[in-house]
Amino acid sequence: MRKMTTDVHSERFQSGAERYAAYLATPEGRLRLDLAFSNLQEFLPPARPSLRALDLGCGTGAIAVRLARLGLHVTLLDSSMPMLDIAKQAAREAGVAAKITLKHGDAAEVANLFEAGSFDVILCHNVLEYVDDPDAVLHGAARVLRDSSAILSVMVRNQAGEVVRAAIQGGDLAGAEHSLSAEWGQESLYGGRVRLFTPGGLRTMLTRVSLRVTAERGVRVISDYLPPKTSRKAEYDAILALERNLGRRPEFAAIARYTHCLAHRAAPATEDGA
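Keep in mind the model is a prediction, meaning the values are calculated, not measured. (Residues numbered from 1 in each chain as written. Predicted model: local features only at pLDDT ≥ 70, side-chain atom pairs only at ≥ 80, totals over all residues. Heavy atoms only, no water.)

Chemist: Can you walk me through the nonpolar core in this structure?
Modeler: In this structure, Leu67, Val74, Leu76 and Val121 are the most contacted members of the largest nonpolar core, which totals 42 residues. When sequence neighbours within four positions are dropped, the list of residues in contact with Val121 reads Leu40, Leu44, Pro45, Arg52, Ala53, Leu54, Leu72 and Ile151. Grouped together as the second largest cluster of nonpolar side chains are 30 residues, Ile122, Val144, Leu206 and Cys261 included. (Core = buried A, V, L, I, M, F, W, Y, C linked by side-chain atoms within 4.5 Å. Buried < 20%, exposed > 50% of the residue type's maximum accessible area, 1.4 Å probe, protein only. Contact = heavy atoms within 4.5 Å.)

If you want it as C-alpha cells, here you go:
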C-alpha cells in the first residue's frame with residue numbers, strides 16, 4: 001500500500017488486505033470513509049470530463065470508486081497487489097472500471113511515476129503515518145498537482161485523539177500521559193506502530209511544499225466513545241450527521257481521531273505583492 005518504515009508494516013498491507021476491507025465495512029471504517037468523502041466533495045473542482053484524480057496508497061479503492069462515479073478519471077497507486085486486486089473488483093462491480101487506472105508502485109516515488117501537473121485531485125489518506133519520509137510524499141504530490149485550483153486531500157492520525165482514546169476508551173492514564181508527546185502510536189487493526197501528527201505539524205509540512213490549507217476538519221470526534229446502548233448500525237445516520245457538525249468546529253476537531261486537511265498550491269505573489 002505504501003513504503004513502510006519496517007518490513008513488518010509493509011507485510012501487513014500485503015497479507016491483510018481482506019482484513020482491511022472488512023474493517024472498512026464496520027461503522028468505524030464507514031465513518032472514516034464517509035466523513036472524508038463528504039469533506040472532499042465540498043472542495044472538488046467544477047465537474048468536467050477532463051478531471052483526473054490520483055489516490056495515493058489507495059487500498060481497496062473505496063473513495064476512488066466514489067470519485068469515478070462522479071465522472072473523474074482516477075489513478076489508483078498502491079504497493080500492495082492484493083489491495084489493488086480488491087480495488088479492481090470494486091470498480092468492476094460499481095460499473096466504473098473504464099474510469100479507473102491501477103498502478104503498482106510506491107507513494108514515495110510519485111514524483112518519478114507521473115509528469116508534473118498531471119492531476120486535479122490527489123488523495124493522501126492515512127498514508128503519511130506509514131511512510132519513511134512524509135515530506136517527500138507531500139513534495140511529490142504537490143509537484144503533480146495541475147495548478148492552484150487542484151486540491152490535495154490529506155488525512156492523518158491525530159496525536160490528541162490518541163490521548164483522548166487512551167483515557168476514555170481504555171482508562172489508560174499512563175498511556176494518555178505518554179501520548180501527549182508521543183511521535184508514534186499503536187495500530188489496533190494489525191498491530192505495530194503508526195506515526196502521529198498534530199494539526200499544526202501537518203500544516204507546517206504542507207506549507208514547506210508550497211501548499212496552502214483551505215480547510216481543516218476532524219474525523220471521528222466522539223463516535224469511538226459512545227456507550228454500548230447506542231447502536232452504531234441503527235444510529236449510523238445520526239452519528240454521521242453529528243460527526244460532520246463536530247468535525248467542522250475547531251474545538252472538537254482538535255481531539256478527533258484523525259485530522260483531515262484540504263490544501264491547494266499557493267498562488268504566486270504578483271509583482272506588487274498582492
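Once the structure has been displayed, the description carries forward.
Chemist: Looking at this structure, I do not really get the side chain of Ser153. What am I missing?
Modeler: Within the secondary structure, Ser153 sits in strand S5 (residues 151–157). Polar side-chain contacts of Ser153 include one of 2.7 Å to the side chain of His260. If sequence neighbours within four positions are ignored, Ser153 has contacts with Leu40, Ile122, Leu123, Cys124, His125, His260, Cys261 and Leu262. (Helix = DSSP H or I, 4+ residues; strand = E, 2+ residues; numbered from the N terminus. Polar contact = N/O pair within 3.5 Å; in protein donor to acceptor, adjacent residues only side chain to side chain.)

Chemist: What exactly am I supposed to notice about the pairing of strand S4 (residues 121–125) here?
Modeler: Every other side chain in a regular strand lies on the same face of the sheet, so the side chains alternate between the two faces. Within S4, five of the five residues are buried, which leaves the element mostly enclosed by the surrounding structure. Neither face of S4 is left uncovered, since the one carrying Val121, Leu123 and His125 and the one carrying Ile122 and Cys124 both have all their residues buried. Two strands pair when backbone bridges link them, and strand S1 (residues 52–56) and S4 are joined in this way by three bridges, in the parallel orientation. Considered in S4, the bridge of Ala53 is made with Val121. Relative to S5, S4 runs parallel, the two sharing five bridges. Note on S5: the bridge partner recorded for Ile122 is Leu152. (Pairing = 2+ DSSP bridges.)

Chemist: Any chance you could explain the confidence of the model for the protein here in plain terms?
Modeler: Should pLDDT be low for a region, the predicted coordinates there are not to be read in detail. Looking at the protein, the pLDDT average stands at 91 and 92% of residues meet or exceed 70. Contacts of residues 1–9 to residues separated by more than four positions or lying in other chains number 37 contacts, the stretch itself having pLDDT below 50. Across residues 269–274, confidence stays below pLDDT 50; counting only partners more than four residues off in sequence or on other chains, it has one contact. (pLDDT = per-residue confidence, 0-100.)

Chemist: I would appreciate a short explanation of the pairing of S5 in the present structure.
Modeler: Of all seven residues making up S5, seven are buried, and the element is well covered by its neighbours. Where burial is concerned, the two faces of S5 agree: the one with Ile151, Ser153, Met155 and Arg157 and the one with Leu152, Val154 and Val156 are both buried. Following the backbone out of S4, through helix H7 (residues 134–144) and into the adjacent parallel S5, one traces a crossover that is right-handed. The sheet contact formed by S5 and strand S9 (residues 258–265) spans seven bridges and is antiparallel. (Right-handed = clockwise from strand over helix to strand, strands pointing away.)

Chemist: Looking at this structure, how should I read helix H2 (residues 17–24)?
Modeler: Given 3.6 residues to a turn, an α-helix orients residues that are three or four positions apart in the same direction. Among the residues making up H2, those that are buried are Ala17, Tyr20, Tyr23 and Leu24. Around the axis of H2, the buried residues are gathered within 120° of arc, so they sit on the same side. (Arc of directions from axis to C-beta.)

Chemist: Can you help me understand the packing of aromatic side chains in this one?
Modeler: Working definition: an aromatic ring pair is given by the centre-to-centre distance plus the angle between the planes. Taken as a whole and assessed by the stated rule, the structure comprises two aromatic pairs. Taking 6.3 Å as the distance between ring centres and 35° as the angle between the ring planes, the aromatic pair formed by Tyr20 and Tyr23 counts as tilted. With Tyr20 and Tyr23 both in helix H2, this residue pair falls three residues apart, about one helical turn. Each member of the pair, Tyr20 as well as Tyr23, carries the same accessibility label: buried. Ring centres 5.2 Å apart and planes at 85° place the aromatic pair Phe114 and Phe119 in the edge-to-face group. Here Phe114 falls in the buried class, since its relative accessible area comes to 13%. Of note, Arg30 hangs over the ring of Tyr236, and the distance from its end group to the ring centre comes to 3.7 Å. The ring of Trp184 has Arg193 sitting right over it, with the charged end atom 4.0 Å from the ring centre. (Phe/Tyr/Trp six-rings, centres within 6.5 Å; stacked < 30°, edge-to-face > 60°. Lys NZ or Arg CZ within 6 Å of the ring centre and 35° of its normal.)

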